[in-house]
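# Examination of the molecular architecture
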Amino acid sequence: MQTPTARINLNAIKHNYSVLKELSGNQKLIAVIKGNAYGHDANEVAHALPNADAFAVARIEEAINLRRSGIEQPILLLEGCFCHKELLKASQFNLDTVVHSHNQLEDIERCPLPNPIKVWLKVDTGMHRLGVQPQDVEHYKRRLEAFDYVAEDIHFLSHLSCADNPSSDKTASQISVFSSALENVNGLKSLANSAGILLWPNSQFDVARAGIALFGISPQITRTGKDFGLIPAMTFETSLISKRDHQKGQAVGYGETWVASQDTTLGVIAVGYGDGYPRSGSNNACVYINGRLVPVVGRVSMDMIVVDLGPKSKDQCGDIVELWGNNLPIEHVAKSAQAIPYELTIQLTSRVSKEHCFESYTKA
Ligand SMILES: *Cc1c(COP(=O)(O)O)cnc(C)c1O
């Protein structure tokens, strides 16, 4: 009997990297593998991409783990170093850092670093989360360039806030702010995330940064990865552990939130919010079993969900159930659970075993 397992096809990730590289207009492509590669295992993913131009993570511990596991490509800390001590570590482990604030600039100015560090200046082009103002770029650049332990040239990045929405005019405005703020600089420029690569050809500069799409998932919830020629890397499966007859008018589960409208067969499936399955999928999501989709009925509990297999079901205990993957796009599950796919893959708990493989796949 199979307990919850996420099978992760590293060949799919390799395929997606090359598709994205091409779609990005052959910019350099940073594989964003923060959050343990969005739950896919950062070490496994990084080692499966020996030709990746670079990697990026959010926290210095993530980067140091990658270095310790033998990753030699550049690794960028997307939010930079949070204090001076981290900056020393970053220099020691040959990590590239972001400067997005005055504090981070002062940390760099405070004292020499053991190895020259590559700095990416983050510019706020309209997301208003991190970044220096476009009119201050010249000032930051000049101060950074004054130190010989800051590698030449300074590079530049910014982040898109609405790129998953093709009808928003925000992206065009961010592209234009980014271009004009950086008209006269030498360093590399990086703007596009997955949505930029897939939906906004004008967001192409020198370097793109792909996270979610690398795993075969669409950043735009109304489409699936396959619509863009990507292959979903993760298949999340478990098994049917019980099957029972259920009468019209009977409820099921905590709070009796679902009542059968006809005599039917209910299946109990070994997965719950304790594995990272979204509780908001209660009465909303579907699962894939024996070639068809069946609805989740009643509340998702910690270790189990109940599905309506329908009258005269021929399913059997032990049958494999797909919660998302090749047959049931994660984008659909996320939509029905009012979540985003990013949350679903990263929320898988340590109870879920992750199996990595290099399977062949059917081309999208
Ligand atoms: C997470 C992140 C990305 C990757 O975004 P996706 O939507 O997953 O492609 C790119 N850039 C920055 C700064 C990020 O934080």
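Everything below is about the structure printed above this text.
Here, residues in each chain are numbered from 1, in the same order as that chain's written sequence. Selection of residues for local features in this predicted model requires a pLDDT of at least 70, selection of side-chain atom pairs for listing and counting requires 80 or more, and totals for whole chains, interfaces and linings are taken over all residues. As a rule here, side-chain values come from all non-hydrogen atoms in the structure, and water together with hydrogens is ignored.

What follows covers the overall build of the chain. Only DSSP runs of H or I covering at least 4 residues are called helices, and only runs of E covering at least 2 are called strands; the numbering of each starts at the N terminus. Secondary structure summary: the chain contains eleven helices and 18 strands in total. Over its C-alpha atoms, taken along the principal directions, the chain stretches across nearly 75 × 45 × 40 Å. Throughout, exposure labels follow a simple rule: accessible area from a 1.4 Å probe, protein chains only, divided by the maximum for the residue type, with under 20% read as buried, over 50% as exposed, and the rest as partly exposed. Going through the 364 residues of the chain one by one, you find that 54% of them count as buried. In what follows, residue pairs with any heavy atoms lying within 4.5 Å of each other are defined as contacts. Look at the contacts in the chain between residues 6 or more apart in sequence, and 65% of them connect residues 24 or more apart.

Glancing now at the pattern of salt bridges. Here a salt bridge means any side-chain nitrogen of Lys or Arg lying within 4 Å of a carboxyl oxygen belonging to Asp or Glu. Per the stated rule, a full pass over the model turns up nine salt bridges. Note that R110 is salt-bridged to D107, the shortest N-O span being 2.9 Å. With R110 and D107 both in helix α6 (residues 102-110) and three residues apart, the pair spans about one turn of that helix. You can call D107 buried: its relative accessible area is 12%. Residue R351 is joined to D303 by a salt bridge in which the shortest nitrogen-to-oxygen separation is 2.9 Å.

Let us now look at the pairing of strand β2 (residues 28-32). For β2, the buried fraction is high: four of the five residues fall into the buried class. In this sheet, strand β9 (residues 207-210) lies alongside β2 in parallel orientation, the contact comprising four bridges. Of the residues in β9, the one forming a bridge with A31 is A210. Where β2 lies against strand β3 (residues 54-57), three bridges are found, and the strand directions are parallel. In the sheet register, A31 faces β3, and the bridge partner there is F55. One bridge is not enough; two strands pair if DSSP finds at least two bridges between them.

So, on to a nonpolar patch on the surface. Taken together, M1, I241 and M304 make up a surface patch of nonpolar side chains, about 310 Å² in accessible area. Here I241 is to be found in strand β10 (residues 234-246). Residue classification places I241 among the partly exposed residues on the basis of a relative accessible area of 37%. Like charges are joined within 9 Å and nonpolar side chains (Val, Leu, Ile, Met, Phe, Trp, Tyr) within 5 Å, but only among residues with over 30% relative accessible area and no salt bridge; these make up the patches. For accessible areas, the Shrake-Rupley method is used with a probe of radius 1.4 Å. Any residue's cover is judged against the shown protein chains and nothing else.

Throughout, near means a residue has at least one heavy atom within 4 Å of the molecule or strand. Lining the immediate surroundings of the ligand are 13 residues, of which K34, Y38, S194, I212 and Y342 lie closest. Polar contact is the term for a pair of N or O atoms within 3.5 Å; when the atoms are in protein, one must be able to donate a hydrogen and the other to accept it, and sequence-neighboring residues count only if both atoms are side-chain atoms. At a separation of 2.7 Å, an oxygen atom of the ligand approaches a polar side-chain atom of Y342. Protein contacts shield 94% of the accessible area of the ligand, which totals 390 Å² for the unbound molecule. Contributing elements (two or more residues each) for the shell around the ligand: α2 (34-39) and β9.

A word on the state of the cysteines. Among covalent bonds in proteins, the disulfide is the one between the sulfur atoms of two cysteines. Here, a disulfide means two cysteine sulfur atoms that sit within 2.5 Å of each other. For the structure on display, the rule yields zero disulfides. With no disulfide of its own, C111 lies closest to C83 among cysteine sulfurs, the gap being 12 Å.

Definitions used for this entry: grid spacing 1 Å over protein atoms alone; cavity, a set of points where a 1.4 Å probe fits but cannot get out; pocket, an open set with protein on both sides within 12 Å along at least 5 of 7 lines; lining residue, one with an atom within 4 Å of a point. Grid points are joined across faces, edges and corners, and a volume is the space filled by probe spheres set on the points. Applying the stated criterion to the full structure yields three cavities of 30 Å³ or more. Roughly 70 Å³ of internal volume is contained in the largest cavity. Lining the largest cavity we find 13 residues, and of these I217, P232, M234, W324 and I330 sit closest to its centre. Residues that form the lining of the largest cavity fall into these classes: eight nonpolar, four polar and one charged. In this count, Pro and Cys sit with the nonpolar residues alongside Ala, Val, Leu, Ile, Met, Phe, Trp and Tyr, while Asp, Glu, Lys and Arg are called charged and the others, Gly among them, polar.

Here we come to the side chain of E237. You can see E237 is positioned in strand β10. Among the polar contacts listed, one links the side chain of E237 to the side chain of Q2, at a separation of 3.5 Å. One polar contact links E237 to R7, side chain to side chain, over a distance of 3.0 Å. Discounting chain neighbours no more than four positions away, the residues touching E237 are Q2, T3, P4, T5, R7, I320, V321, E322 and L323.

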